[in-house]
Amino acid sequence: MTTGTVLITGANRGIGRAVAAELRRRGLDVVLTARDPEQARAAAEELDTRWTDLDITDPDSVARAVRTVGAPDILLCNAGVLLDAGTEPLAVPLERVERTLRVNLLGTWRVLQEFVPAMVRRGSGHALLVSSGTTAEFGGRLFPGTPGYSLSKSALNGLTTMLAATTESTGVRVNAVNPGRVRTRMMPGPHQSPEEAARYIADVATQPHGGPTGRFFTAHSSTSQE
Ligand SMILES: NC(=O)c1ccc[n+]([C@@H]2O[C@H](COP(=O)([O-])OP(=O)(O)OC[C@H]3O[C@@H](n4cnc5c(N)ncnc54)[C@H](OP(=O)(O)O)[C@@H]3O)[C@@H](O)[C@H]2O)c1
């Protein structure tokens, strides 16, 4: 798919912004979103895209975004937080886990609930959820060094398979993607640049209509700490 509209959450910086730039370069109509309207506007001006403010934890904000944008051809659920690095499951402050789940799981779920029904009514679209290598794909052992984050992304993988089953035969696909470890504010150490990760995510996001659904795409064998 090299035409159409893509809406990206959390695209003012990091991976989301790099994917916005990559998909714009490939000719898609990009709607760059961020929770801070000023940051959304500034990034969109720089990348020559459309924009709207969108805080995935705020129901009014999400409802407003769907009214403004309608059903995109590609919905890239990228926004996320990592708040519990360096902790472990028996000691992590549960307040941090709660905040993590509120953004990574419930926020993403809210965005999907608002946008996917309109995509189903149209009979086409691709919802792609940015997951992580901390989840051991669709099963297995979770990375315990970021317990709330690992659980939140593992839950997103579960949501991916549930929604893929729910939307089967509607023309809408739902997949998860692990970009590997990427050098961003969330994860300053890795070698991989956001631009490299963006090329992979863009390839997965733009697979043609009729492509796979309910799949976990992973960029390369990464260690379990993203
Ligand atoms: N970096 C890695 O190694 C890596 C690996 C695997 C997966 N990921 C995933 O990739 C995604 C992007 O991460 P990143 O590395 O690019 O991190 P990042 O630079 O910290 O970017 C996170 C983005 O999410 C946004 N965000 C946070 N809470 C939000 C909310 N309530 N509503 C809307 N946007 C919100 C942030 O906006 P603000 O600027 O307003 O905070 C920011 O734009 C995340 O889902 C992350 O879990 C990252």
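Heads up: the structure comes first, above all this text.
Calculation notes
Residues numbered from 1 in each chain as written. Predicted model: local features only at pLDDT ≥ 70, side-chain atom pairs only at ≥ 80, totals over all residues. Heavy atoms only, no water. Helix = DSSP H or I, 4+ residues; strand = E, 2+ residues; numbered from the N terminus. Rg over C-alpha atoms; globule rule 2.2 N^0.38 Å. Buried < 20%, exposed > 50% of the residue type's maximum accessible area, 1.4 Å probe, protein only. Areas by Shrake-Rupley, 256 points an atom, 1.4 Å probe, with all protein chains shown as cover. Lys, Arg positive; Asp, Glu negative; His and termini not counted. Charge placed at Lys NZ, Arg CZ, Asp CG, Glu CD. Salt bridge = Lys/Arg side-chain N within 4 Å of Asp/Glu carboxyl O. Core = buried A, V, L, I, M, F, W, Y, C linked by side-chain atoms within 4.5 Å. Contact = heavy atoms within 4.5 Å.

A. View of the overall build of the chain. Within the chain one finds six helices and seven strands. Its helices and strands taken in sequence order, the chain reads β-α-β-α-β-α-β-α-β-α-β-α-β from the N to the C terminus. In terms of overall dimensions, the chain is globule-like: its C-alpha atoms have a radius of gyration of 16 Å, near the 17 Å expected for 226 residues. On the principal axes, the C-alpha backbone points of the chain span a range of 45 × 40 × 35 Å. Residues counted as buried form 50% of the 226 residues belonging to the chain. About 10100 Å² of surface is accessible on the chain, with carbon and sulfur atoms providing 52% of the total. The averaged location of the 23 negative side-chain charges in the chain is 2 Å from the averaged location of its 24 positive side-chain charges.

B. Spatial organisation of the pattern of salt bridges. The final tally for this structure, using the stated rule, is 12 salt bridges. With its nearest N and O atoms 2.7 Å apart, the salt bridge here joins glutamate 22 to arginine 25. In this pair, glutamate 22 and arginine 25 both sit in helix H1 (residues 14-25), three residues apart, roughly one turn of the helix. One salt bridge connects aspartate 29 with arginine 50, and the closest N-O pair in it is separated by 2.8 Å.

C. Representation of the nonpolar core in the model. Residues Ile8, Val19 and Leu23 are the most contacted members of the largest nonpolar core, which totals 28 residues. Listed by contribution, the elements that provide at least two residues to this core are strand E1 (5-8), H1, strand E2 (29-34), helix H2 (37-47), strand E4 (74-77), strand E5 (125-130) and helix H6 (194-205). For this core, the element with the most residues is H6, which contributes six residues. When neighbours within four sequence positions are excluded, leucine 23 is seen to be in contact with Val6, Ile8, Leu28, Val30, Ala202 and Thr206.

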